[in-house]
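Now for the letters of each chain:
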Amino acid sequence: MALTIPGDTLDPQSINGFLAPDEGEALQARAMEAATLAPGPFVEIGSWCGRSSVYLGRAARASKRLLFAVDHHRGSEEHQPGEEYHDPDLFDAALGRVDTLPSLRRTLAMADLEADVAAIVGSSAAVGAAFGGPASFVFIDGGHAMDTALADYRAWAGHVARGGMLAIHDVFPNPEDGGRPPYEIWKMACESGLFEPITRVNTLEFLRRV
Ligand code: MG
């Protein structure tokens, strides 16, 4: 028997992921605001199983924009076997690799957002280098290693349209609360002269491209 598609009634928090409810709601609202101020699609880096893709996909549909959901779907360092956030349900044992793409596809189908979200499977740096831009809203929520966070920032920050927004997840100003790389790229953005900080919701920072 076929599943019932919940569509708009799907609770994004029922999707496997790490984005808090206040962060998701802020993401959706700010992306819709950015669409009124700047041209271009929305981009998210690090879709995982699609929790943030639901919030941003709903914003995209309301704003008549497309969301590019970029992820290699092999997980970050902390998702690998033996690491803190490893999930055996998201592991292709035969291949020996994490695979979150089937979960993302199911999420987009269940949320009825397949027309509003285009999943791009690949390296954020490679996709960013080939991306034509500009984007009205870019959300960076990729790996937390310094080289990964830096690569995401370098590949995508320049694609944000003037007037548009950059959002960065897992920004912990106090090192005791969490890893520093997302904080470091947020600081780089603030000091770049290209962005000014707008607001912070939980661990999610928003900046406007000036
Ligand atoms: Mg995150």
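Residues numbered from 1 in each chain as written. Predicted model: local features only at pLDDT ≥ 70, side-chain atom pairs only at ≥ 80, totals over all residues. Heavy atoms only, no water.

### Some thoughts on the side chain of Asp 71
Assignment of secondary structure puts Asp 71 in strand 2 (residues 67-71). Lacking a salt bridge, the buried Asp 71 has Arg 74 as its closest oppositely charged neighbour, with an N-O distance of 8.6 Å. If sequence neighbours within four positions are ignored, Asp 71 has contacts with Gly 46, Ser 47, Trp 48, Ile 120, Val 121 and Gly 122. (Helix = DSSP H or I, 4+ residues; strand = E, 2+ residues; numbered from the N terminus. Buried < 20%, exposed > 50% of the residue type's maximum accessible area, 1.4 Å probe, protein only. Lys, Arg positive; Asp, Glu negative; His and termini not counted. Salt bridge = Lys/Arg side-chain N within 4 Å of Asp/Glu carboxyl O. Contact = heavy atoms within 4.5 Å.)

### Quick notes on the sheet that holds strand 9 (residues 204-209)
Sheet strands pair by backbone hydrogen bonding; their relative direction is either parallel or antiparallel. With mixed pairing, the seven strands of this open sheet are ordered in space as 5-2-1-6-7-9-8. Each edge of the sheet is formed by a strand with only one pairing partner; in this case those strands are strand 5 (117-121) and strand 8 (195-201). Adjacent strand axes in the sheet meet at a mean angle of 20°, parallel and antiparallel pairs treated alike. With six bridges connecting them, strand 8 and strand 9 associate as antiparallel partners. Looking across to strand 9, one finds that Thr 199 is bridged to Phe 206. (Pairing = 2+ DSSP bridges. Axes fitted to C-alpha atoms, helices over the stretch in contact; angles between N-to-C directions.)

### A word on the pairing of strand 9
The buried fraction of strand 9 is high, at five of six residues. Alignment of strand 7 (residues 160-168) against strand 9, held across four bridges, turns out to be antiparallel. For Met 165, the partnering residue across the bridge sits in strand 9 and is Arg 208. Hairpin remark: strand 8 followed by strand 9, antiparallel, with two residues in the connecting loop; positive phi at Asn 202, about 60°.

Treat this as a map of the structure, not an account of what it does.
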